[in-house]
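Descriptive analysis of the structure
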Amino acid sequence: MHTLIKLPIVIATAVAALTVQSQAVAQEKVLNLYSARHYQTDEVMYDTFTKTTGIKINRVDADDAGIVARLRAEGAASPADVILLVDAARMASADSQGLFQPIKSAKLDAAIPANLRATPTAEGVTWTGFSTRARVIIYDPLRVKAADVATYDQLADPKLKGMVCTRSGSHPYNLSLFATVVERLGDAEGEKWLKGVVDNMARAPKGGDTDQIKAVASGECGVALSNTYYVARLMKSSKPEDRAVMEKVRVVFPNQGTSGTHVNIAGAAVAKHAKNRDNAIQFMEFLSSPFAQDYFANGNNEFPAVKGLKIANPAIKAMGGDNFKAETIPLGVVAKNMTKVQQMLDRVGYR
């Protein structure tokens, strides 16, 4: 015997089930994060955000170029809410491609210095720095005096002929520094400075920042550029050979008597097509909290971006970077020099 169920009852039951399911989905608070940061300490930071707010983080990890390519391919269908990248040049490039949206936040305005954010517009700010790293000069004390590398400008001094080593001039870490120098010196003098650096090179640019430090220690180079966290990693390494490298080199925070040492950022932005915009802004504000700033700074040997916060990182203190004068030229302004500087690099042969 078959049981007969009236069709309207079946439909009503199905609709009711779908309604409950839809409400459950609507009530679930989520944040879709595309991140170029790959540090274990960040996991604690994300977990704490979820426990504090109830907002679940769905994360996609890739490098900066991969994230930008994915955003462009996904277009308006992208699920991304927040983008984390690790360089001002990369932030500016993604911004110029229309991949971010401006936001307004009194909390962020109060916490993060204006020079560590994109240039504001009437609609708001498109990206914000949450941690900083200094671009320092590494030198061999047996071949070079500290006074001869006290400024970035001196890297072009003929006194350092055949001594300078760097990674590619087109790498974003160098592009950001060079764009700052050009902003400070002007186009003509900036290009002249870049030519002087090329003339002083010990070998063609290659490798990463750690390779430059090791090249100075080995005697291949007398002077190099590096971000501070690479220096700190070697200082804190459990490998005797890494610590031996740091015993052979010295670190200078350039331009302390003038414009200050160049700082770059790891930053975040709300994606252009963010579906969870409120959650995204809440996450951005969380990144400026003392708790998150501590994880940013100590997890990757960086400096906090929030004004007035101090860190207790022994490696940072040992290299003399716990209280240095930082450059104040806005990174949003500097970012506009990137294309121009790349053209200069091509003209002077800085590969």
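Throughout what follows, the structure given in this document is the object of discussion.

With that settled, consider helix α2 (residues 40-53). Because an α-helix packs 3.6 residues into every turn, residues spaced three or four apart end up facing the same way. A rise of 1.5 Å per residue sets the reference length of α2, with its 14 residues, at 20 Å; its end C-alpha atoms lie 21 Å apart and thus fit the reference within 8%. Every buried residue of α2 is accounted for by D42, M45, Y46, F49 and T53. Taken end-on, α2 shows its buried residues confined to a sector of 95°, consistent with a single buried face. When the buried face of α2 is taken as reference, the exposed residues oriented beyond 90 degrees from it are Q40 and K51. Of the surrounding elements, those touching the buried residues of α2 are β1 (30-35), β2 (56-61), β3 (82-85), α11 (277-287) and α12 (290-299).

Turning to the state of the cysteines, a few remarks are in order. Evaluated as defined, the whole model comprises one disulfide. C165 shares a disulfide with C221; S-S distance 1.8 Å. On the S-S bond that ties C165 to C221, the torsion sits near -80°, and the link is left-handed. Of the two residues, C165 is situated in strand β6 (residues 164-165) and C221 in the loop between α8 (209-218) and β7 (223-227); the sequence distance between them amounts to 56 residues. Taken as a pair, C165 and C221 share a single burial class, namely buried.

Our next topic: the pairing of strand β9 (residues 263-271). The buried fraction of β9 amounts to nine of the nine residues, a majority that puts the element mostly inside the structure. Direction of pairing for β3 relative to β9: antiparallel, over a ladder of four bridges. In the strand pairing of β9, L85 is matched with G267. In terms of strand pairing, strand β4 (residues 100-101) meets β9 through two bridges, oriented antiparallel. Looking at the pairing, F100 lines up with A271 of β9.

Put simply, helix α6 (residues 172-185) and helix α7 (residues 187-199) touch, their axes get as near as 7 Å, and they point 135° apart. In terms of axis orientation, α6 runs oblique to α7. The way α6 lies across α7 gives a crossing that is right-handed. Packed against α6, whose contacting residues are F178, V181, V182 and L185, the element α7 presents D187, E189, G190, W193 and L194 at the interface. Residues belonging to the contact of α6 with α7 are distributed by class as follows: six nonpolar, one polar and two charged.

All right, on to the packing of aromatic side chains then. For the coordinates displayed, the defined rule picks out eleven aromatic pairs. Among the aromatic residues, those joined into a ring-pair cluster are Y46, F49, F283, F286, F291 and Y295. Its end group placed over the ring of Y230, R233 keeps NZ or CZ at 5.2 Å from the ring centre.

In this structure, R135 sits in strand β5 (residues 128-139). Owing to a relative accessible area of 1%, R135 belongs among the buried residues under this scheme. A polar contact is formed between the side chain of R135 and the side chain of N227, at a distance of 3.0 Å.

Direction vectors running N to C along α8 and helix α9 (residues 228-236) enclose 60°, while the axes themselves pass 9 Å from each other. Like other packed secondary-structure pairs, α8 and α9 cross with a definite hand, here right-handed. For the pair formed by α8 and α9, the contact residues are D209, T210, I213 and K214 on the first element and Y230, V231 and L234 on the second. Taken together, the residues of the contact of α8 with α9 sort by class into four nonpolar, one polar and two charged.

Another point: the side chain of H171. Locating H171 in the fold gives a position in the loop between β6 and α6. Within the structure, H171 has its side chain in polar contact with the backbone nitrogen of Y173 (distance 3.1 Å).

About the criteria used
- Residues numbered from 1 in each chain as written.
- Predicted model: local features only at pLDDT ≥ 70, side-chain atom pairs only at ≥ 80, totals over all residues.
- Heavy atoms only, no water.
- Helix = DSSP H or I, 4+ residues; strand = E, 2+ residues; numbered from the N terminus.
- Expected span 1.5 Å × (residues − 1).
- Buried < 20%, exposed > 50% of the residue type's maximum accessible area, 1.4 Å probe, protein only.
- Arc of directions from axis to C-beta.
- Contact = heavy atoms within 4.5 Å.
- Disulfide = S-S within 2.5 Å.
- Pairing = 2+ DSSP bridges.
- Axes fitted to C-alpha atoms, helices over the stretch in contact; angles between N-to-C directions.
- Parallel < 35°, antiparallel > 145°, perpendicular 65-115°, else oblique.
- Left-handed = near helix turned anticlockwise from the far one by under 90°.
- Nonpolar A, V, L, I, M, F, W, Y, C, P; charged D, E, K, R; others polar.
- Phe/Tyr/Trp six-rings, centres within 6.5 Å; stacked < 30°, edge-to-face > 60°.
- Lys NZ or Arg CZ within 6 Å of the ring centre and 35° of its normal.
- Polar contact = N/O pair within 3.5 Å; in protein donor to acceptor, adjacent residues only side chain to side chain.

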